[in-house]
Amino acid sequence: MTKKKAELKALLASLVVIAFFFTAAALVNRHLRFTDTTWVEPPPDRQTKLDPRLYKIMSFGNVPVMIEWLWLRALADPTITPVPPGRHASIFFDLDLITDLDHAFYEPYFGGANILAVIRRDITGARLLLEKADRFIRLELPHLPASFQSRFWRSRWNIYILMGYLQLFELDNMPAAAKAFIQASAIQGAPDYLERLSNRLRQPGGEYEVGLRLLNFLVKGTQDDRIKDRLVKKRRNLFLAQYLFETNRSFTSFLERIPRYKASQVITKVQMQAYWKDYIKESRLPAKDPLGGDIYLDTEGKVRSTTPYEPVFGLR
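Okay, so let's go over this structure. From a predicted model like this one, the values you see are computed outputs, not experimental measurements.

Rules behind the numbers
Residues numbered from 1 in each chain as written. Predicted model: local features only at pLDDT ≥ 70, side-chain atom pairs only at ≥ 80, totals over all residues. Heavy atoms only, no water. Helix = DSSP H or I, 4+ residues; strand = E, 2+ residues; numbered from the N terminus. Buried < 20%, exposed > 50% of the residue type's maximum accessible area, 1.4 Å probe, protein only. Contact = heavy atoms within 4.5 Å. Axes fitted to C-alpha atoms, helices over the stretch in contact; angles between N-to-C directions. Parallel < 35°, antiparallel > 145°, perpendicular 65-115°, else oblique. Nonpolar A, V, L, I, M, F, W, Y, C, P; charged D, E, K, R; others polar. Phe/Tyr/Trp six-rings, centres within 6.5 Å; stacked < 30°, edge-to-face > 60°. Salt bridge = Lys/Arg side-chain N within 4 Å of Asp/Glu carboxyl O. Expected span 1.5 Å × (residues − 1). Core = buried A, V, L, I, M, F, W, Y, C linked by side-chain atoms within 4.5 Å.

**Concerning unusual backbone geometry**
Excluding glycine, most residues fall at negative phi; most peptide bonds, likewise, are trans. The residue Arg 284 is not glycine, and still its phi comes out positive at about 55°. Counting through the fold element by element, Arg 284 comes out in the loop between helix H14 (269-283) and strand S1 (295-297). Of the residues examined, Arg 284 reaches a relative accessible area of 74% and is grouped as exposed. The phi angle at Phe 313 is positive, at roughly 55°, despite the residue not being glycine. Take Phe 313: it is sitting in the segment after strand S2 (303-305).

So this is what it looks like as structure tokens:
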């Protein structure tokens, strides 16, 4: 197997893992909706953070029992209606309270974020919950016994995989997704494919390459013509963004080899245009990009194209 095929296999494996977690969450929620329960859903417009101090008082010293009750209530939530933009699902406040009362309770972070993202479409709530888990992992978990970490947080890399999914597919932010995947790969026990994926993302331009491979995979896998058309458009935009990124990187390397450029305190627009002409001559850069637009150097010294395009995954 060639290196490129191995990297592509690693990327596809990561997508399979992510899809598994989200599908599992959806199936669990579907099962719970048909389970008899006496709990009545809170009003859908509840948007108030719950005070953990008050709940500790109400528990009369039985905080673990209170936490278990809140977690069971969250799991039994039969609501599947997506929340409107700018609002949280009511269950988010229960999950936030649970993790305020017990910072080390893994399931509400991971399982709760799955439910929020997949079932209720509360992407912001899922992100906030995962960021809270990240703070616990970085600041508190290292001070707990190794036996506790191994028993309850052994798969904590899943937190960062889920964060990577949210950042990439829901928030359109490849740089933040790459950071999450790299964090996941650094955790002991993380799957090998994460290390290969993170190595690719660390390389200059690696985010573009991973994004294009992902879009190629999605284009081939969809049967819906409308979805395929949107994905093809995204791929076209990202391809142009990658071309401009690589051209800018090449032009920067060219400038750094020029002693008088490195020694200059101020570079005038006329001088920069002269450097640009020299670069075109040396590199034999075509006058047009692969999509037919004119390549030019803007007033800030950045290589641009007249081909219109939109950022994809937050990459320009």
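**Let's talk about the environment of Leu 144**
Here Leu 144 lies in the loop between helix H6 (123-139) and helix H7 (146-152). Exposure remark for Leu 144: the relative accessible area of 29% places this residue in the partly exposed category. Linking Leu 144 and Ala 104, residues 40 residues apart in sequence, is a C-alpha distance of 9.5 Å. In contact with Leu 144, other than residues within four places in its own chain, are Ala 104, Phe 136 and Gln 149.

**What about the packing of helix H4 (residues 90-101) against helix H5 (residues 106-119)?**
For the pair H4 and H5, the least separation of the axes is 10 Å and the interaxial angle reads 170°. Considered as vectors, H4 and H5 are oriented roughly antiparallel to each other. Judged by residue contacts, Ile 91, Phe 92, Leu 95, Ile 98 and Thr 99 of H4 engage Pro 108, Tyr 109, Gly 112, Ile 115 and Leu 116 from H5. Along the lines of polarity and charge, the residues of the contact of H4 with H5 split into eight nonpolar, two polar and no charged.

**What about the packing of aromatic side chains?**
Tallied over the entire structure, the rule returns 15 aromatic pairs. Consider the rings of Phe 251 and Phe 254, whose centres lie 6.4 Å apart with planes at 15°: the pair is stacked. Of the two residues, Phe 251 and Phe 254 are both situated in helix H12 (residues 225-256); the distance of three residues between them amounts to about one turn of the helix. Of the two residues, Phe 251 and Phe 254, neither departs from the other in class, the shared state being buried. Ring plane angle 90° and centroid distance 5.7 Å describe the contact between Tyr 261 and Tyr 275, whose orientation is recorded as edge-to-face. Note that Tyr 261 is positioned in helix H13 (residues 259-263) and Tyr 275 in helix H14, a separation of 14 residues in sequence. A relative accessible area of 22% means that Tyr 261 is categorised as partly exposed.

**Focus: the pattern of salt bridges**
Applying the stated criterion across every chain yields a total of 14 salt bridges. Measuring nitrogen to oxygen at the nearest pair gives 3.2 Å for the salt bridge that ties Arg 53 to Asp 51. For Asp 51, a relative accessible area of 31% gives the class partly exposed. Residues Arg 226 and Asp 224 are paired through a salt bridge, measuring 3.8 Å at the closest nitrogen-oxygen approach. By relative accessible area, which is 29% here, Asp 224 ends up partly exposed. One network of salt bridges, with partners in common, ties together Asp 96, Asp 100 and Lys 132.

**Focus: helix H8 (residues 157-170)**
A turn of α-helix holds 3.6 residues, and therefore any two residues three or four places apart point the same way. Counted at 1.5 Å a residue, the expected span for H8 with its 14 residues is 20 Å, and the 19 Å between its end C-alpha atoms agrees. Most of H8 is tucked away, with 12 of its 14 residues classed as buried. Among the residues of H8, those classed as buried are Trp 157, Asn 158, Ile 159, Tyr 160, Ile 161, Leu 162, Met 163, Gly 164, Tyr 165, Leu 166, Gln 167 and Leu 168. Positive backbone phi, at 55°, marks Asp 172, one or two positions downstream of H8.

**Here's the deal with the nonpolar core**
Counting residues in each nonpolar core, the largest one holds 68 residues, and the members touching the most others are Leu 116, Trp 153, Ile 159, Leu 194, Leu 238 and Phe 313. For this core, the element with the most residues is H8, which contributes nine residues. Apart from the residues within four sequence positions on either side, Phe 313 is in contact with Leu 168, Asp 172, Asn 173, Met 174, Pro 175, Gly 211, Leu 214, Leu 215 and Leu 238.

**A word on the environment of Gly 314**
Here Gly 314 shows up in the segment after S2. With relative accessibility at 41%, the residue Gly 314 sits in the partly exposed group. Along the primary structure Gly 314 and Asp 172 are separated by 142 residues, whereas in three dimensions their C-alpha atoms are 5.6 Å apart.

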